[in-house]
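Below are the chains, spelled out letter by letter.
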Amino acid sequence: MDYKSSGVDIEAGYRSVELMKQYVKGTMRPEVLGGLGGFSGAFSMEKFKNMEKPTLVSGTDGVGTKIKLAFLMDKHDTVGIDCVAMCVNDIACAGGEPLFFLDYIACGKNYPEKIAAIVKGVAEGCIQSEAALIGGETAEHPGLMPEEEYDLAGFAVGIVDEKDLITGENLKPGDVLIGMASSGVHSNGFSLVRKVFEMTKESLDTYYDELGKTLGETLIAPTRIYVKALKAVKNAGVTVKACSHITGGGFYENVPRMLKEGTHAVIKKDSYNVPAIFKLLAAKGNIEEKIMYNTYNMGIGMIVAVDPADVDTAMAAMKEAGETPYVIGSIEAGEKGVTLC
């Protein structure tokens, strides 16, 4: 008896690493020391010595049950973007620049081409956020999970000068809220999505006129990465006073996290067009509007608060970075929380 007969194929693991190297290579930054395949990833902090108080910020997350769509559609090259996005967007919310990323893939059986496709997506997410993919782990778990399935999680580290941390402490009544458009459902609320829509190949291949594509294509669209947009706003000389990544818990849970005591966010629901997928989801599932805004991003993936004098400059920088921004509300004095009207 050997390890392979127990369900773990070491040779497949070696092949996975060889296949993914071409994607990992494209994410490298000058600070990366060493190559893929070591016991750890090394990253030089030499260039950050000029910061007054260099501060590390970190984020970790997974893709959630959206990964079920990848199984059903046999499409594995975008969920890695989702995984990176969920981590680096949180880092960017703090004013941080993502430096490097590590992934963890647990699978029932190591199919090298599938693992490489997953890592291809991870690498693309790293390229979009200018983070280096410096390591990871693929763990084969025979008997613990079905052979065709896997789970994906990641961890990112970024850096920011302490004086540039986005904390919300300078937020004041009259500040303006700018929302950047999402690419769709992103990576939250898929347990409810899977209850509303029949999760079969036939259902996912169904074309909807209002979506302009199939249901599956719409749902699996990767999470937008807002790192470059937030960096562009900073480089334009705008101070982002507070920032919120609209993930699980939607507006009602995430917007208050950007506020300080004594400030209240007011968001106008008609300030932008809600994407068709959310309208379809609400109609098909008979979901109340408040629950939709308490579960999904409803078309806004990132919200920033800026001084009124900086609105035009901030929006121009976002557009230059490829994002679609909207003025969606403002800050008022009041109990910490959010009102959608």
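Residues numbered from 1 in each chain as written. Predicted model: local features only at pLDDT ≥ 70, side-chain atom pairs only at ≥ 80, totals over all residues. Heavy atoms only, no water.

> With reference to specific residues and values, describe the state of the cysteines.
Per the counting criterion, the structure on display carries zero disulfides. Distance from the sulfur of cysteine 83, which forms no disulfide, to the nearest cysteine sulfur (cysteine 87) is 5.2 Å. Residue cysteine 83 is classed as buried on the basis of its relative accessible area, which comes to 0%. (Disulfide = S-S within 2.5 Å. Buried < 20%, exposed > 50% of the residue type's maximum accessible area, 1.4 Å probe, protein only.)

> Can you explain the sheet that holds strand β14 (residues 337–340)? Please cite residues and give values.
On the basis of which strands lie adjacent, the open sheet formed by six strands has the order β10-β12-β7-β13-β11-β14 and mixed pairing. A single partner strand is all that each edge strand has here, and the edge strands are β10 (242–245) and β14. With strand direction ignored, the average angle separating the axes of adjacent strands in the sheet is 25°. The pairing of strand β11 (residues 263–267) with β14 spans four bridges and is classified as parallel. Residue pairing in the sheet places valine 266 in a bridge with threonine 339 of β14. (Pairing = 2+ DSSP bridges. Helix = DSSP H or I, 4+ residues; strand = E, 2+ residues; numbered from the N terminus. Axes fitted to C-alpha atoms, helices over the stretch in contact; angles between N-to-C directions.)

> Quick one: what's the story with the environment of methionine 51, residue by residue and with numbers?
Considering the arrangement of structural elements, one finds methionine 51 in the loop between β2 (42–43) and β3 (54–62). The spacing of methionine 51 and valine 160 is 109 residues in sequence and 8.3 Å in space, taken between C-alpha atoms. If near-sequence neighbours (up to four positions away) are discounted, methionine 51 is found in contact with Ile159, Val160 and Asp161. (Contact = heavy atoms within 4.5 Å.)

> So what's going on with the pattern of salt bridges? Residues and values would help.
It is possible for side chains bearing opposite charge to pair when their charged atoms get close. Counted according to the given criterion, the structure contains 20 salt bridges. Put simply, lysine 163 and aspartate 161 hold a salt bridge, and the shortest N to O gap is 4.0 Å. Residue classification places aspartate 161 among the buried residues on the basis of a relative accessible area of 7%. For glutamate 323, the salt bridge goes to arginine 224, with nearest N and O atoms at 2.8 Å. Of this pair, glutamate 323 sits in the loop between α12 (311–320) and β13 (325–333) while arginine 224 sits in the loop between α7 (215–219) and α8 (227–235), and the two are 99 residues apart along the sequence. Glutamate 323 sits in the buried class, given a relative accessible area of 7%. Residue arginine 224 is classed as partly exposed on the basis of its relative accessible area, which comes to 30%. Because the salt bridges share partners, they merge into one network encompassing Arg29, Glu31, Lys47 and Glu97. (Salt bridge = Lys/Arg side-chain N within 4 Å of Asp/Glu carboxyl O.)

> Please set out the packing of aromatic side chains residue by residue, giving values where relevant.
For any pair of aromatic rings, geometry is given as the distance between the ring centres together with the angle between the planes. Using the criterion set out here, one finds five aromatic pairs in the structure. Seen in terms of ring centroids, phenylalanine 43 and phenylalanine 100 are 5.2 Å apart; in terms of plane orientation they differ by 45°. Their pairing is tilted. Taken together, the residues span a long stretch of sequence, with phenylalanine 43 in strand β2 and phenylalanine 100 in strand β4 (residues 97–107) at a distance of 57 residues. Taking the relative accessible area as the measure of exposure, phenylalanine 43 reaches 13% and is therefore buried. Each ring, one from phenylalanine 71 and one from tyrosine 150, has its centre 5.0 Å from the other, and the planes form 80°; the classification is edge-to-face. Taken as a pair, phenylalanine 71 in helix α2 (residues 67–73) and tyrosine 150 in strand β6 (residues 150–161) lie far apart in primary sequence, 79 residues in all. Here phenylalanine 71 matches tyrosine 150 in class, with each residue buried. The ring of tyrosine 252 has lysine 290 lying over it, and the distance from NZ or CZ to the ring centre is 5.3 Å. (Phe/Tyr/Trp six-rings, centres within 6.5 Å; stacked < 30°, edge-to-face > 60°. Lys NZ or Arg CZ within 6 Å of the ring centre and 35° of its normal.)

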